[in-house]
Amino acid sequence: MNYSGLSSPFRGTGGVSKLPNVGTTIFTVMSVLANEHKAINLGQGFPDFPMSEELTGLVCAAMRDGYNQYAHMNGYMPLREGLAAKIEELYGTIVNPDTQITVVPGGTYGLFTAMATILHPGDEVIVFEPAYDCYIPTIEIFGAKAVRINLQFPHYSVNWEEVSQRITERTRAIIINTPHNPTGSILRAADLQQLQTLVQDTGIYVISDEVYEHITFDGERHESVLRYPELMERAFVSFSFGKNYHCTGWKLGYSVAPPALMKEFRKVHQFNCFSCDTPKQVAIAQYLNNKDAYLQLGSFLQAKRDYLQQLLTQTRFEPLPSKGSFFQLYSYKNISDETEAQFAQRLVKEHGVAVIPVSAFYQDDVNNGVVRFCFVKKEETLEAAVQKLIHL
Ligand code: PMP
Ligand code: GLN
């Protein structure tokens with residue numbers, strides 16, 4: 001029998017795969033292992049404590065009040081208006097809710113749609129490693145090429161000189177992420193200014209992943225692209241309500257871009273998701289009035305970062321700096337010289353704690369002997385996890 005036809009079911013998708021080298025995301029792999037081994041899951045980034053009852057109450061009320069049909073494809077207008085007001089207050093930028101904000105099913109979708117909107121086969125996209133896991137596969141799905149630049153260990157800062165050297169006439173976009181997953185590093189004003197200098201007078205777009213916008217520590221300010229008008233005019237900025245409101249399972253967020261770019265973004269969006277969960281949009285539109293819910297998030301999570309760090313002083317793990325996000329990296333160099341993947345596997349299987357090997361965020365085999373801990377957990381969860389690590 002001839003199996004050479006590309007669509008032959010006998011050949012699986014090997015012949016037509018757009019992502020031949022991609023397996024299952026590390027977050028699912030580690031969470032499945034954590035469940036199998038009944039381990040404490042400090043791997044995948046999600047809170048293990050309840051979200052606001054006020055907000056779930058508002059969703060129930062919205063459903064009872066009949067907000068159960070399609071919302072506007074660009075998002076429920078009062079929500080977009082509330083977001084525009086919030087953006088102006090936080091970042092001093094006026095954004096038109098009608099033409100510049102689209103509600104989307106999560107930050108990932110916002111990034112994917114931005115790339116679908118601008119990438120053509122053969123384009124190059126500059127991406128920093130370690131890179132959040134969806135960036136490079138998404139670039140490749142559209143036939144573009146990821147130009148990978150390492151952040152500088154151990155502070156994971158950007159070498160802008162190197163970025164400037166890697167820009168070519170094919171560079172279509174640069175992806176930035178601050179606060180950064182997996183490292184907890186942040187970009188500062190000087191970084192954004194350097195980026196602005198590099199892209200001015202070019203056709204390069206900026207894709208800015210700011211899902212952790214409210215989660216910065218130690219008095220650091222979140223440097224949103226939305227603070228920089230010259231960057232903003234070429235940017236797609238991606239946000240997530242899942243991170244802001246302790247409801248990662250809601251998969252709801254929003255994207256911001258200048259009108260001409262947003263118009264193209266919506267051409268793609270309308271044929272993919274079209275419109276998002278209505279009662280949740282109605283509820284969040286009202287809940288935006290509770291400014292403390294997002295303004296206090298940084299200090300709330302800083303206390304958790306510090307608590308885990310204090311607990312881990314009883315072990316031989318050594319912290320790297322974390323200035324934001326849900327995560328802190330720890331070096332295990334004093335404990336083992338295994339690779340990060342081996343160490344993380346052993347930790348979950350033999351010691352009952354799941355963490356994420358940072359090597360999973362690199363295409364090449366980079367091993368600095370660090371793993372990512374998610375500290376967005378109840379105190380007792382962090383305590384129980386550290387108890388299991390104390391004898392390592
Ligand atoms: N970007 C980063 C850096 C993230 O950490 C996450 C989520 N964990 C996302 C995007 C995706 O957010 P969402 O769940 O809203 O798609
Ligand atoms: N962003 C979360 C993390 O980094 C997980 C999201 C996911 O599982 N896709 O752990």
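Residues numbered from 1 in each chain as written. Chains lettered and ligands numbered in written order. Predicted model: local features only at pLDDT ≥ 70, side-chain atom pairs only at ≥ 80, totals over all residues. Heavy atoms only, no water.

Looking up the protein chain in an unreviewed UniProt entry gives the name 2-keto-4-methylthiobutyrate aminotransferase apoenzyme, with the organism given as Cnuella takakiae. Within the UniProt record for the protein chain, the comment given under Cofactor (unreviewed entry) is "pyridoxal 5'-phosphate". Recorded in UniProt under Sequence similarities (unreviewed entry), the annotation for the protein chain is "Belongs to the class-I pyridoxal-phosphate-dependent aminotransferase family." (UniProt positions renumbered as here; feature names shortened; annotations may be inferred.)

Q: Is there a simple way to think about helix α2 (residues 53–64) in this case?
A: Along an α-helix, a turn takes 3.6 residues, which lines up residues three or four apart on a common side. Compared with the 16 Å implied by 1.5 Å per residue over 12 residues, the 16 Å span of α2 between its first and last C-alpha is a close match. Of all the positions in α2, only L55, L58, V59 and A62 are classed as buried. In an axial view of α2, the angular spread of the buried residues amounts to 100°, which keeps them on one side of the axis. Of the exposed residues in α2, those oriented more than 90 degrees away from the buried face are E53 and R64. Residues of α2 that are buried in the fold lie against α11 (278–287). For α2, the side-chain oxygen to backbone nitrogen distance between the N-cap and E54 is 3.1 Å, and the N-cap itself is S52. Positioned one or two residues after α2, G66 has a phi angle of 95°, which is positive. (Helix = DSSP H or I, 4+ residues; strand = E, 2+ residues; numbered from the N terminus. Expected span 1.5 Å × (residues − 1). Buried < 20%, exposed > 50% of the residue type's maximum accessible area, 1.4 Å probe, protein only. Arc of directions from axis to C-beta. Contact = heavy atoms within 4.5 Å. Polar contact = N/O pair within 3.5 Å; in protein donor to acceptor, adjacent residues only side chain to side chain.)

Q: Sorry if this is basic, but what is going on with the site of ligand 2 here?
A: If you check the shell around ligand 2, you find F27, Q44, G45, Y132, N181, K243, F327 and R372 and nothing else. Q44 places a side-chain nitrogen or oxygen 2.7 Å from an oxygen atom of ligand 2. At 2.7 Å, a side-chain N or O of R372 approaches an oxygen atom of ligand 2. Protein chains bury 79% of the 290 Å² of accessible surface belonging to ligand 2 in isolation. When its residues are assigned to classes, the shell around ligand 2 shows three nonpolar, three polar and two charged. Shared between two domains, the shell around ligand 2 takes at least three residues from each, and those domains are domain 1 (26–51 + 295–389) and domain 2 (70–290). (Near = heavy atom within 4 Å. Areas by Shrake-Rupley, 256 points an atom, 1.4 Å probe, with all protein chains shown as cover. Nonpolar A, V, L, I, M, F, W, Y, C, P; charged D, E, K, R; others polar. Domains from an automatic or database assignment.)

Q: Help me understand the environment of A84 in this model?
A: Structurally, A84 can be placed in helix α3 (residues 77–91). Accessibility expressed as a relative area gives 9% for A84, which makes it buried. Along the primary structure A84 and N96 are separated by 12 residues, whereas in three dimensions their C-alpha atoms are 6.7 Å apart. Excluding residues that lie within four positions of it along the chain, A84 makes contacts with V95, P97 and I101.

Q: Would you mind going over the sheet that holds strand β9 (residues 318–319) with me for this structure?
A: Strands pair in a sheet through their backbones, by hydrogen bonds, and they do so in one of two ways: parallel or antiparallel. With antiparallel pairing, four strands are arranged side by side in an open sheet as β9-β10-β13-β12. The open sheet has two free edges, formed respectively by β9 and β12 (356–357), since each of these has just one partner strand. Summarising the sheet, β12 and strand β13 (residues 370–374) pair through two bridges and their orientation is antiparallel. In the sheet register, P357 faces β13, and the bridge partner there is V371. Relative to strand β10 (residues 327–331), helix α13 (residues 297–312) is tilted by about 20°, and along the sheet it contacts β9, β10 and β13. (Pairing = 2+ DSSP bridges. Axes fitted to C-alpha atoms, helices over the stretch in contact; angles between N-to-C directions.)

Q: Where do I start with the domain arrangement of the protein chain in this structure?
A: Considered domain by domain, the protein chain is made up of domain 1 (26–51 + 295–389) and domain 2 (70–290). Taking only C-alpha atoms into account, the centre of domain 1 sits 26 Å from that of domain 2. Listed per partner, the contact involves 31 residues of domain 1 and 35 residues of domain 2. Of the roughly 3,000 Å² buried between domain 1 and domain 2, counting both surfaces, carbon and sulfur atoms make up 63%. Per-residue buried area on domain 1 facing domain 2 is highest for M51, K323 and F361; these three make up 23% of the total on that side. If you look at where domain 1 meets domain 2, you find three salt bridges. Linking D218 and R305 is a salt bridge whose minimum nitrogen-to-oxygen distance equals 2.9 Å. Counting every contact that joins domain 1 to domain 2 gives 12 residue pairs in polar contact (both at pLDDT 80 or more). Those elements giving two or more residues to the side of domain 1 that touches domain 2 turn out to be α13, β10 and β13. Of all the elements, α13 adds the most residues to the side of domain 1 that touches domain 2, at six residues. Its residues assigned to classes, the side of domain 1 that touches domain 2 shows 19 nonpolar, eight polar and four charged. (Buried area = accessible area lost by both parts, 1.4 Å probe. Salt bridge = Lys/Arg side-chain N within 4 Å of Asp/Glu carboxyl O.)

Q: Is there a simple way to explain the UniProt feature "domain: Aminotransferase class I/classII large" (unreviewed entry) in the protein chain in this structure?
A: The UniProt feature table records "domain: Aminotransferase class I/classII large" (unreviewed entry) at residues 39–389. The span residues 39–389 carries 39% helix and 16% strand; its end-to-end C-alpha distance comes to 12 Å.

Q: Looking at this model, I keep getting lost on the confidence of the model for the protein chain. Mind explaining?
A: Regions with low pLDDT should not have their predicted coordinates read in detail. Per-chain confidence: the protein chain averages 96 in pLDDT, with 96% of residues scoring 70 or above. Below pLDDT 50 for its whole length, residues 1–10 participates in eight contacts with residues either more than four positions away or in separate chains. (pLDDT = per-residue confidence, 0-100.)

Q: It is not clear to me how the pairing of strand β6 (residues 205–209) should be interpreted in this structure. Could you clarify?
A: The side chains of a regular strand alternate, first on one face of the sheet and then on the other. Taking burial as the measure, the five residues of β6 include four buried ones, the bulk of the element. Of the crossover connections in this fold, the one passing from strand β5 (residues 171–177) over helix α7 (residues 189–199) to the parallel β6 is right-handed. Here β6 pairs with strand β7 (residues 235–240) via four bridges, running parallel. Among the inter-strand pairings, I207 is bridged to a residue of β7, identified as F236. (Right-handed = clockwise from strand over helix to strand, strands pointing away.)

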